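Structural overview for review
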Amino acid sequence: TLRQICTTTAVQRKNVGASGPEKYTEAFIKKQIEEFNLGKRHLANMMGEDPETFTQEDIDRAIAYLFPSGLFDKQARPLMKHPTEVFPEQRKIQWGEDGRPFHFLFYTGKQSYYSLMHETYEKLLNVQKHQDQLIDQDLPVQKEKGNLAGSRWLTKIELEEMLLEKVSDDDYSRFIQLLQKLVSLPCADIEEEYIQKFSKEVPLQLQKVVIEPLQYDERGVAFSTGEGKRKTARATAVVYDNGTGKITVNGIDILHYFPVLQDREQLLFPFQFLGRIGKHDMVCTVSGGGRSAQAGAIRLASAKALRSFVTEKEVEFMRQAGLLTVDPRVKERKKPGQEGPRRKFTWKKR
Amino acid sequence: CHSPASLAPRRIMPVRWSRYNPSYLEPEAKKESYQKPLEELTEEEREQMELKAVRPIKAAPPSLSSSVFSDPMISKFTNMMMKSGNKVLARSLMSQTLELIKRKQVEKYHKAPEKEKETIECNPYVIFHQALKNCQPIIGLSSITRGGKTYQVPVPLTDNRRRFLAMKWLITECREHKHRRTMMPEKLSQELLLAFNNEGPVIKRKHVLHKMAEANRAYAHFRWW
């Protein structure tokens, strides 16, 4: 090979600089891992525990004991974790010594993304070929119903972590569309493994909430309590059985406390949904928030209290009607340099 | 009538500023949809039901209720009429409008001869929905700049956009072209009744838009989507 005698500084700089610079070399990370393991054994000996069975939680507890810190930010406190968690994963240099890149799609700029799209499309063509073969042989094409409810696709951030390069919104949506097309074909079961790499299990049956049993007061009337909140308003509701439909808020009748029709509609929403308008009495206390927030808080509290009076199926219907979810919307904070949460100051040309 | 939320497909990219996780689904408040027996549901509805059983659901907003009086279209219209967050005023204007429509129609009903009594529609909700439907444009115009010149290109409109344009035109018409002393409910009820019979300035505006689109047919190939 000819040795380059005069090379421009630009060429030299480009070879070293790397795209997505490799801040930590492999040797450096290996050394860090060795030091971490040694340190772990020393720490176990110091704490008087067995070095072989010293887990990450034990390390955290030991560090918190030996280096107590009063800092508020948890991430500023002393930390001892495995180097793969501390140093983010990054791409190695994509080209060899002669400057020739390894991957054939390097010059597209997004090599991992395009290679992924190529692979997925290859699988799609495979599935179509298989389908055509089945049709040629006159075999029935079965469509297995996958559990679309139990899994979700990878989010954009997770895909970026997997590919180790930035993915734009458009690219991400195209990839998801391609995956969905692949899944929708009848014989997609062949590529099940490949698809599972990009789907995640959604935790089914999120937190089975325990419904409290009915309580009975001195007169023998069944009642149940519920708590609700909305923005800054907090409410507690006590729903009594065998009632006439009277609702009292902070000792005042709802007609006087909520002069606006919309709020009263919200209070009656759970009862009207279950068809139990004239059957229950309600006594509530509410504080904080404004007119609409208090109505929303009482609505949530009464819906929670009504769960004890009603079958599980109806509880599920109430959840699907949006009656049992706490509304997470709160007032957005004002930012510096702006007049409000979104509004900017008037733009002056000079 | 189709409600806006139920027809909108699920988003590919989530709303940037929503406090909810994108996996949360919209709530369904109507009692009838929960009382249907299993056999009557179509394939899509069955899948929707299974999805709803697993996914978390957003909290119902304060304007949504299972009562017979709450209508998604009317709530949308009320929100568009609202100024500076004064929902109480907007809601009272809306109810006064509907009352006025009913009064006018009942007056007409009593004055009409026997044969025409059946043709007169007294239900203000039916009149509102029909009037909005009559005001919806089929095709819209979009400005596209090519080589320095801006052309008005005819473009198909989505359902949501049509509904929005119909409501927007009604409201702007009522706010601008009315006498200083006439109240909003009165003017609105007038416009709605005219639109119900396919007359009035809003329908005219729709026809003007259609004519412009027809006139600019030559530029239709500028559209690339």
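Reading guide: rules and limits
- Residues numbered from 1 in each chain as written.
- Chains lettered and ligands numbered in written order.
- Predicted model: local features only at pLDDT ≥ 70, side-chain atom pairs only at ≥ 80, totals over all residues.
- Heavy atoms only, no water.
- Helix = DSSP H or I, 4+ residues; strand = E, 2+ residues; numbered from the N terminus.
- Buried < 20%, exposed > 50% of the residue type's maximum accessible area, 1.4 Å probe, protein only.
- Areas by Shrake-Rupley, 256 points an atom, 1.4 Å probe, with all protein chains shown as cover.
- Lys, Arg positive; Asp, Glu negative; His and termini not counted.
- Charge placed at Lys NZ, Arg CZ, Asp CG, Glu CD.
- Domains from an automatic or database assignment.
- Contact = heavy atoms within 4.5 Å.
- Buried area = accessible area lost by both parts, 1.4 Å probe.
- Salt bridge = Lys/Arg side-chain N within 4 Å of Asp/Glu carboxyl O.
- Pairing = 2+ DSSP bridges.
- Axes fitted to C-alpha atoms, helices over the stretch in contact; angles between N-to-C directions.
- Core = buried A, V, L, I, M, F, W, Y, C linked by side-chain atoms within 4.5 Å.
- Patch = residues over 30% accessible without salt bridge, like charges linked within 9 Å, V, L, I, M, F, W, Y side chains within 5 Å.
- Expected span 1.5 Å × (residues − 1).
- Polar contact = N/O pair within 3.5 Å; in protein donor to acceptor, adjacent residues only side chain to side chain.
- Phe/Tyr/Trp six-rings, centres within 6.5 Å; stacked < 30°, edge-to-face > 60°.
- Lys NZ or Arg CZ within 6 Å of the ring centre and 35° of its normal.

The helix and strand inventory of chain B stands at nine helices and two strands. Listed by position from the N terminus, the elements making up chain B come as α-α-α-α-α-α-β-β-α-α-α. The dimensions of chain B, computed from C-alpha atoms along their principal axes, are 55 × 55 × 40 Å. Per-residue burial for chain B yields a buried fraction of 37% across its 225 residues. Counting every atom, chain B has about 14400 Å² of accessible surface; 53% of that belongs to carbon and sulfur. Between the mean site of the 40 positive side-chain charges and the mean site of the 24 negative ones, chain B shows a separation of 10 Å.

In terms of domains, chain A is made up of domain 1 (26–86), domain 2 (106–201) and domain 3 (215–321). Spacing between the C-alpha centres of domain 1 of chain A and domain 2 of chain A amounts to 40 Å.

Before going further, it helps to examine the interface of chain B and chain A. Each partner contributes to the interface: chain B provides 32 residues, whereas chain A provides 37 residues. Across the chain B/chain A interface, buried area totals approximately 3200 Å², and carbon plus sulfur atoms make up 56% of it. Among the residues chain B hides against chain A, the three largest losses belong to Tyr34(B), Val54(B) and Pro62(B). Together they make up 20% of the total. Taken together, the connections running from chain B to chain A amount to one salt bridge.

Phi at Leu164(A) is positive, roughly 60°, even though this residue is not glycine. Tracing the sequence through the fold places Leu164(A) in the loop between α6 (156–163) and α7 (169–184). Its relative accessible area of 27% is what places Leu164(A) among the partly exposed residues. In the Ramachandran plot, Asn198(B) falls in the positive-phi region, its phi being about 60° despite a non-glycine side chain. Mapped onto the fold, Asn198(B) is located in the loop between α8 (184–196) and α9 (201–215).

It is worth spelling out the sheet that holds strand β3 (residues 215–216) of chain A at this point. Residues and elements named next belong to chain A. One open sheet holds the six strands; their spatial order is β3-β4-β5-β8-β6-β7, and the pairing between them is mixed. Only two strands of the sheet have a single neighbouring strand rather than two, namely β3 and β7 (252–253). As defined by bridge partners, strand β6 (residues 247–249) adjoins strand β8 (residues 281–287) across three bridges and the pair is classed as parallel. Across the sheet, Val 249 pairs through a bridge with Cys 284, a residue of β8. This element, helix α11 (residues 291–306), spans β4 (222–230), β5 (233–240), β6 and β8 of the sheet and lies at about 140° to β4.

On to the nonpolar core, then. Taken as a class, soluble globular proteins show a tendency for nonpolar side chains to be buried jointly. Counting residues in each nonpolar core, the largest one holds 35 residues, and the members touching the most others are Phe273(A), Met282(A), Ile298(A) and Met318(A). For this core, the secondary-structure elements that each account for two or more residues are β5, β6, α10 (261–274), β8, α11 and α12 (312–320) of chain A. In terms of residues, this core owes the most to one element, α11(A), which gives eight residues. Contact partners of Met318(A), with chain neighbours within four places excluded, come to Phe273(A), Leu274(A), Ala303(A), Leu306(A), Arg307(A), Leu323(A) and Leu324(A). Membership of the second largest hydrophobic core comes to 28 residues, among which are Ile127(B), Leu157(B), Ala166(B) and Trp169(B).

Residues and elements named next belong to chain A. Residue placement: Asp 263 occurs in helix α10. Residue Asp 263 is classed as buried on the basis of its relative accessible area, which comes to 1%. Not counting chain neighbours up to four residues away, the residues in contact with Asp 263 comprise Phe 258, Arg 291, Ser 292 and Ala 295.

Turning our attention to a positive patch on the surface. Residue and element names in this part refer to chain B. Where like charges cluster on the molecular surface, the positive patch consists of Lys 83, Arg 161, Lys 168 and Arg 175. With respect to the secondary-structure elements, Arg 161 resides in helix α7 (residues 159–176). Take Arg 161: its relative accessible area is 41%, and that puts it in the partly exposed class.

A few words on helix α6 (residues 124–135) of chain B. Residue and element names in this part refer to chain B. Taking 1.5 Å as the rise per residue, α6 with 12 residues should run 16 Å; its terminal C-alpha atoms sit 16 Å apart, in good agreement. Residues Pro 124, Ile 127, Phe 128, His 129, Ala 131, Leu 132, Asn 134 and Cys 135 constitute the buried set of α6. Packing partners of the buried residues in α6 comprise α4 (72–81), α5 (87–111), α7, α8 and α9. The opening residue of α6, the one whose side-chain oxygen lies 3.2 Å from the backbone nitrogen of Tyr 125, is Asn 123.

Further remarks concern the pairing of strand β1 (residues 139–146) of chain B. Residues and elements named next belong to chain B. With eight bridges joining them, β1 and strand β2 (residues 149–156) adopt antiparallel strand pairing. Among the inter-strand pairings, Ile 139 is bridged to a residue of β2, identified as Pro 156. Between β1 and β2, which pair antiparallel and follow one another directly, the connecting turn spans two residues, one of which, Gly 147, has a positive phi of 60°.

This part is about the side chain of Ser70(B). Checked against the element boundaries, Ser70(B) lands in the loop between α3 (43–54) and α4. One polar contact links the side chain of Ser70(B) to the main-chain carbonyl oxygen of Ser65(B), over a distance of 2.7 Å.

To continue, consider the environment of Thr182(B). All names here are of chain B. Mapped onto the elements, Thr 182 comes out in the loop between α7 and α8. The exposure class assigned to Thr 182 is partly exposed, which follows from its relative accessible area of 25%. A distance of 2.8 Å separates the side chain of Thr 182 from the backbone oxygen of His 179, its partner in a polar contact.

This brings us to the packing of aromatic side chains. Under the definition given, this model contains 17 aromatic pairs over all chains. On the numbers, 4.9 Å between centres and 35° between planes, the contact of Phe317(A) with Tyr34(B) is tilted. Within this pair, whereas Phe317(A) is found in helix α12, its partner Tyr34(B) is found in helix α2 (residues 32–35), the two belonging to separate chains. A relative accessible area of 23% places Phe317(A) in the partly exposed class. For Tyr34(B), a relative accessible area of 13% translates into the label buried. Aromatic pair Tyr20(B) and Tyr24(B): ring centres 5.5 Å apart, planes at 40°, arrangement tilted. Tyr20(B) sits in the buried class, given a relative accessible area of 13%. Given a relative accessible area of 27%, Tyr24(B) falls into the partly exposed group. By the ring-pair criterion, three or more aromatic residues cluster together here, those being Phe269(A), Phe273(A), Phe317(A) and Tyr34(B). Above the ring of Tyr194(A), the side-chain terminus of Lys123(A) is found at 5.0 Å from the ring centroid. We note Lys117(B) situated over the ring of Tyr109(B); from NZ or CZ to the ring centre the distance is 5.2 Å.

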